[in-house]
Amino acid sequence: LRSQIITCSWLHSEGQHKMPAQIWEVAGGGDKGGILVREGMSLKSAECEGRLSTGALIEEVDLVGERLCYKRLTGSGPEDGWVSLTIKGKEIVTKTDKKPEKPPATEPGIKSEKVLAMIKERCDRELAKPPYEWKMIDMNLVMTNHDKKGKGCIYGMEFPWNEATLEEFGPEWLTKAFHTVGSMDKDNRVTKIILEKKIKVTTGNNGGKFLFEVRYAKPDPDLHTKLFAKVPFPLSAHTKNDRLSSSVNKQPAELYEINAYRYLEATLPMKTPRFYFGDICNETSNWILITERIDFHDFEGNNFGKPTGEHPPPLPAYEIEGPYDKCIDSGNLRGDHMEYYLLMTRVGAKMAGLAKSGQMGSQELLSKSFRSHPDIKNPAVWGMNPQAASGQPIKQQDNIVNMSIDMMSDWAKQVFPPYVTSDAFKKKFKKTMNTMNAYVAEINYWMHMNEDYVALGHMNLNVDNAYFWRTPEGKLDCGVFDWGGMGTSSYGNKLWWFYYCADYEVLDKGMGKLCETFCEDYKASGGPQLDAKELEMMVIIAGLNQMPGLMAAVPQIIKMCPKKNWPEIKDRYDPRIALNVDDKSTLRTYLHCMNNIVRIIEEKNGAEVLESFVKDIYVGRMNQTAKTDAMING
């Protein structure tokens, strides 16, 4: 088995340029048709079939003494294996600065009619099965069973849930998995897995990610050799809270993501990475998703520092930008920011319209297979309370509001607008947050009570969950991934989670245009006509509704960057708060979003928008009496 698994041996630090892979050129074997390649590092390991051609360029994977593990870039012979550096004192491979010519990129997406037919056949087969009914789990189950093997609830086979277990399960398991899903012809098999460690994927906060390559017994242009895996975070010190949050608090988001691929890949109105396998175990909480790897141009890392004010230059046609990370649009996006957010808005609106018009499956199937909302015809289940605040207890609310005001106006004030220290803003902020807390259930009901605003869609479509390229004419296009939490809910709320990581200038100057664009494209794709002004009102209030979770996260912020460090921090670009912490963007995202919401309250009349909800919607449309000051503030 070890000869069938190759593991690269070095990592690059997130936020830094990765160490460029060393390229070697085959200098020996001219009189023998190339040099000998073995499957393993040992000189006694089996010889690979064929010789590595003289003049071939190879990429270093590992170097142990005089033995080089490689991946072939040019020439002929084994695609990977182990070779010696010298024979009898003579170099047979030499370091070189040469780079293989990269062919022009082609338009992303699946073009093979055979593969498209395979995907449709699989989706039809999966749609014919009864949906799996998830059984809710608790933290004790996760902590007890997270390192145990278990059968998946979809395909009924045990599966790996990290790099180590993929190595353990090996090519034989991967072959069976691909055959079970229908991703690969039955007469083909996986012969080798190459774990990729030199590129560390850290975007996103809901799961671990890694890259690997495979070799097939029958090379097939319809099969990807470079693959991507998404798995649960380990239950270790740095990611324990994230793991428990995703496996318990957000359950079963991963099942919904797998369902998005296995049910809808054939009908999604946007490109998405090709699905190869996915499953989740209700008994262990472990899961895995395997798709094609997107050929991003910028795997060497993002710019986490202070932006220069200029966009990076555009790439050649069809070269894929990114991968982008959260809350660092400036200095990274290769064009006008609104262009990206308008595109994601149109993509989301098209899917919503198609789903609303029944073109993506029955509403019954969608409600059982993806996240859904309570019955709109039964207001009692929404938690509304005309006699008291429908959010958390007022004393608890006071504690988190005061804690966040202390943070923003005192020890972390340097990363917030200057006005946060004023008594006037503190008063406005507290009133706004308490009002939000008082009406939180009523606001949620309002966003869903007109079902025209409710449709299936991505729950978190921002730039780190999409991949972008330009056509030869320069038009921006995109594909979408990370379907975790996929569900049917109000787009008034959903759109906030499209935009929350944008720079404030996009929210300030572009919110109206974004909402108008959504309404236009939603209707054009089969959805009903919406009121763009009411949609914008929903999005702004959804932003205010994110703030309670951020306020409650102040202790977590202190844990990631202790108070003792803050006197030295001058702005948001300090590496201690700008870079990913423990490979996650959590700290930067919390601070960025708190900033955006503070500015919405003060600079975009967010407080007044919330008051309009009380007057015009709660009182005027829902025929309720406004809650008293005692109900709101105690």
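Sequence order as written defines the numbering, with residues in each chain counted from 1. The model is predicted, so local features are restricted to residues of pLDDT at least 70 and side-chain atom pairs to those at 80 or more, both for listing and for counting; the totals for chains, interfaces and linings are taken over all residues. Side-chain figures throughout are based on the complete set of non-hydrogen atoms in the structure, without hydrogens or water.

Draft legend 1. Quick peek at the overall build of the protein. On a plain count of helices and strands, the protein comes out with 19 helices and 17 strands. Relative to the 2.2 N^0.38 estimate, which gives 26 Å for 634 residues, the radius of gyration of the protein is 26 Å and therefore close to what a compact globule would have. For the C-alpha atoms alone, the extent of the protein along its principal axes is close to 90 × 60 × 55 Å. The contact rule is simple, with two residues in contact once any of their heavy atoms fall within 4.5 Å. Counted over contacts in the protein with a minimum sequence separation of 6, partners at least 24 positions apart contribute 72%. To be clear on the numbers: accessible area is Shrake-Rupley with a 1.4 Å probe, and residue cover counts the displayed protein chains and nothing else. Carbon and sulfur atoms make up 51% of the accessible area of the protein, which amounts to about 27100 Å² in all. Going along the chain from the N terminus, every DSSP run of H or I of four or more residues is numbered as a helix, and every run of E of two or more is numbered as a strand. Between the two quantities, the radius of gyration covers C-alpha atoms and the globule rule is 2.2 Å times the number of residues to the power 0.38.

Draft legend 2. Just the sheet that holds strand β8 (residues 93-96), in detail. Strands sit in the order β5-β4-β3-β2-β8 across an open sheet of 5 strands; the sheet is antiparallel. Strand pairing shows two members of the sheet lacking a second neighbour, β5 (80-84) and β8, which therefore form its edges. Taking each pair of neighbouring strands and ignoring which way they run, the sheet shows an average axis angle of 45°. Criterion used throughout: strands pair if DSSP finds at least two bridges between them. Every axis in this analysis is a line fitted to C-alpha atoms, fitted for helices over the stretch in contact. Angles between the N-to-C directions lie between 0 and 180 degrees.

Draft legend 3. Here's a closer look at the packing of helix α8 (residues 394-411) against helix α14 (residues 532-552). Viewed as axis vectors pointing N to C, α8 and α14 meet at an angle of 80°, and their least axial separation amounts to 9 Å. When the interaxial angle is binned, α8 and α14 end up roughly perpendicular. Residues Gln397, Ile400, Val401, Met403, Ser404 and Met408 of α8 form the contact with α14, whose participating residues are Met547, Pro548, Met551 and Ala552. Residue type decides the class: Asp, Glu, Lys and Arg count as charged, Ala, Val, Leu, Ile, Met, Phe, Trp, Tyr, Cys and Pro as nonpolar, and the leftover types, Gly among them, as polar. Residues of the contact of α8 with α14, tallied by class, amount to 8 nonpolar, 2 polar and no charged. For classification, angles of less than 35 degrees are called roughly parallel, those exceeding 145 degrees roughly antiparallel, those between 65 and 115 degrees roughly perpendicular, and all remaining angles oblique.

Draft legend 4. Examining the pattern of salt bridges more closely. When a carboxyl oxygen of Asp or Glu lies within 4 Å of a side-chain nitrogen of Lys or Arg, that pair is called a salt bridge. Summed over the entire model, instances satisfying the criterion amount to 33 salt bridges. Beyond isolated ion pairs, a larger network of salt bridges with shared partners links Lys71, Glu79, Asp80, Lys192, Glu196, Glu213 and Arg215.

Draft legend 5. Expanded view of the packing of helix α1 (residues 113-127) against helix α5 (residues 253-264). Close contact between α1 and α5 brings their axes to 7 Å; oriented N to C, the two are set at 115°. From α1, Arg122, Cys123, Glu126 and Leu127 reach across to α5, where they touch Tyr261, Arg262, Tyr263 and Leu264. Taken together, the residues of the contact of α1 with α5 break down into 5 nonpolar, no polar and 3 charged.

Draft legend 6. Highlighting the side chain of Arg293. Tracing the backbone through its elements, the reader meets Arg293 in the loop between β13 (287-292) and α6 (337-356). Although Arg293 is buried, it makes no salt bridge; Glu196 carries the closest opposite charge, 4.1 Å away. Throughout this description, a polar contact denotes any pair of N or O atoms lying within 3.5 Å of each other; where both atoms belong to protein, one of them has to be capable of donating a hydrogen while the other can accept it, and for residues adjacent in sequence the pair is counted only when both atoms sit in side chains. Among the polar contacts made by the side chain of Arg293, one reaches the main-chain carbonyl oxygen of Phe212 at a distance of 3.3 Å. Exposed residues in this analysis have more than 50% of their type's maximum accessible area, buried residues have under 20%, and partly exposed residues fall in between, with area computed by a 1.4 Å probe over protein chains only. Asp and Glu count as negative and Lys and Arg as positive, but His and the ends of the chain are not part of the count.

Draft legend 7. Looking closely at α1. Expected span of a helix, by definition, is 1.5 Å for each gap between consecutive residues, and there is one gap fewer than residues. In this model α1 runs 21 Å from its N-terminal to its C-terminal C-alpha over 15 residues, within 8% of the 21 Å that 1.5 Å per residue would give. Along α1, the positions that sit buried rather than exposed are Val115, Met118, Ile119, Arg122, Cys123 and Glu126. Buried residues of α1, viewed axially, fall in a sector of 130°; they line one side. The exposed set on the far side of α1, more than 90 degrees from its buried face, consists of Glu113 and Glu121. The inward-facing, buried residues of α1 abut α3 (163-181), α5 and β12 (275-280). Two to three positions downstream of the cap, the backbone nitrogen of Lys114 sits 3.3 Å from a side-chain oxygen, assigning the N-cap of α1 to Ser112. Think of it as the arc spanned by the lines of direction from the helix axis to the C-beta atoms.

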